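This is what each chain is made of:
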Amino acid sequence: MQAVGQPSIPDTARSPVAREIVAALGVRPIVLVGMPGAGKSTIGRLFAKRLRLPFIDTDKKIEKETGRSISQIFELYGEEYFRALEARVIAGLFETGPVVIATGGGSFMHEQSRRLIGKKAVSIWLDTKLEVIEKRLRNDMSRPLLRGPNPEQKIARLFKEWKPFYEQAELIFAPVPQTR
Ligand SMILES: Nc1ncnc2c1ncn2[C@@H]1O[C@H](COP(=O)(O)OP(=O)(O)OP(=O)(O)O)[C@@H](O)[C@H]1O
Ligand SMILES: O=C(O)C1=C[C@@H](O)[C@@H](O)[C@H](O)C1
Ligand SMILES: [Mg+2]
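Residues numbered from 1 in each chain as written. Chains lettered and ligands numbered in written order. Predicted model: local features only at pLDDT ≥ 70, side-chain atom pairs only at ≥ 80, totals over all residues. Heavy atoms only, no water.

The name that an unreviewed UniProt entry assigns to the chain is Shikimate kinase, with the source organism given as Rhizobium calliandrae. The Function (unreviewed entry) comment attached to the chain in UniProt states, word for word, "Catalyzes the specific phosphorylation of the 3-hydroxyl group of shikimic acid using ATP as a cosubstrate." (UniProt positions renumbered as here; feature names shortened; annotations may be inferred.)

Quick look at the structure:
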């Protein structure tokens, strides 16, 4: 029998471990939180594939729904507007059954989102090392919070400021950077 709110994915397609994890989730989504560049979108997609659950990237969803890039939204309306929009999008994802959600780096700083995730999801902080994040973001000019001079100093400051919030996630996962 299929539980209410469960997506119609044949259980037999899952490995025994994946089946156990999905059963333990019930209707709760897995929500990945962590710094910009920590690997939420990359690892979230892999988790979802392994568990055979739908994958949702909130940044991508916002871009699709608004027809604007995250940078444009920051530029046009500011960070506070973006966070409120992101909070509404996150809140809308809790009624659909188990999914894997990659959030934007700053979403967990928004009290309403953090509380909701804490109450209704299994949150995982991707605790990627600061040096790895710096290396990944060094040449990425598309990030609204890192624009202007001294992006490395900004990343380090954000990391320090946001870490106590990420530490409130239910689980911590330190991904090993893969090299090809
Ligand atoms: N485990 C890994 N090993 C090597 N490279 C990785 C790993 N995880 C992610 N990356 C790379 O790091 C970059 C950032 O990853 P990703 O976009 O998944 O981060 P994110 O946490 O979703 O960032 P954002 O908050 O900006 O959405 C990408 O170029 C991705 O290919
Ligand atoms: O790329 C960026 O600088 C950001 C994108 C969004 O995910 C935001 O959640 C984050 O705070 C900043
Ligand atoms: Mg992402």
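## Digging into the packing of aromatic side chains
In this structure the tally under the stated criterion is five aromatic pairs. Measuring from ring centre to ring centre gives 4.9 Å for phenylalanine 74 and phenylalanine 82, while their planes differ by 40°; the resulting arrangement is tilted. The exposure class of phenylalanine 82 is buried, given its relative accessible area of 2%. Centre to centre, the rings of tryptophan 125 and tyrosine 166 are 6.0 Å apart; their planes meet at 20°, and the pair counts as stacked. Separated by 41 residues along the polypeptide, tryptophan 125 in strand β4 (residues 122-126) and tyrosine 166 in helix α8 (residues 151-166) bring together distant segments of the chain. (Phe/Tyr/Trp six-rings, centres within 6.5 Å; stacked < 30°, edge-to-face > 60°. Buried < 20%, exposed > 50% of the residue type's maximum accessible area, 1.4 Å probe, protein only. Helix = DSSP H or I, 4+ residues; strand = E, 2+ residues; numbered from the N terminus.)

## Notes on the site of ligand 2
Close contacts around ligand 2 come from Asp59, Ile70, Phe82, Arg83, Glu86, Gly104, Gly105, Gly106, Arg143, Pro144, Leu145 and Trp162, and that covers them all. Here an oxygen atom of ligand 2 and a side-chain polar atom of aspartate 59 are 2.9 Å apart. Contact distances for ligand 2 include 2.4 Å between an oxygen atom and a side-chain N or O atom of arginine 83. In this structure the site holding ligand 2 corresponds to the largest pocket. The greatest single-element share of the shell around ligand 2, amounting to three residues, is contributed by helix α5 (residues 79-91). Class assignment of the residues belonging to the shell around ligand 2 gives a composition of five nonpolar, three polar and four charged. (Near = heavy atom within 4 Å. Polar contact = N/O pair within 3.5 Å; in protein donor to acceptor, adjacent residues only side chain to side chain. 1 Å grid on protein atoms, 1.4 Å probe; cavity = no way out; pocket = protein on both sides within 12 Å on 5 of 7 lines; lining within 4 Å. Sits in = over half its atoms within 2 Å of the grid points. Nonpolar A, V, L, I, M, F, W, Y, C, P; charged D, E, K, R; others polar.)

## Points about a nonpolar patch on the surface
The grouping of Leu76, Tyr77 and Tyr81 at the surface amounts to a nonpolar patch, some 310 Å² of accessible area in total. Following the sequence through the fold, leucine 76 ends up in helix α4 (residues 70-77). (Patch = residues over 30% accessible without salt bridge, like charges linked within 9 Å, V, L, I, M, F, W, Y side chains within 5 Å. Areas by Shrake-Rupley, 256 points an atom, 1.4 Å probe, with all protein chains shown as cover. Salt bridge = Lys/Arg side-chain N within 4 Å of Asp/Glu carboxyl O.)

## With respect to the layout of surface pockets
Roughly 1100 Å³ of internal volume is contained in the largest pocket. In terms of lining residues, the largest pocket is bounded by 43 residues, among which Gly37, Gly39, Lys40, Ser41 and Arg143 are the most central. Those elements that place two or more of their residues in the lining of the largest pocket are α2 (40-51), α3 (58-66), α4, α5 and α8. Looking at the lining of the largest pocket element by element, the count peaks at eight residues for α2. For the lining of the largest pocket, the class distribution of residues is 18 nonpolar, 13 polar and 12 charged. (Points joined across faces, edges and corners; volume = space filled by probe spheres on them.)

## Thoughts on the pattern of salt bridges
Close approach of charged atoms lets side chains of opposite charge pair. Overall, the coordinates contain seven salt bridges when judged by the stated rule. The residue glutamate 79 makes a salt bridge to arginine 83 at a minimum N-O spacing of 3.1 Å. You can see glutamate 79 and its partner arginine 83 sitting in helix α5, four residues apart, about one turn around the helix. In this structure, the salt-bridge partner of glutamate 86 is arginine 83, at a minimum N-O distance of 2.9 Å. One end of the pair is glutamate 86 and the other is arginine 83, both in helix α5 and three residues apart, which spans about a single turn. On the accessibility criterion, glutamate 86 (1% relative accessible area) is buried.

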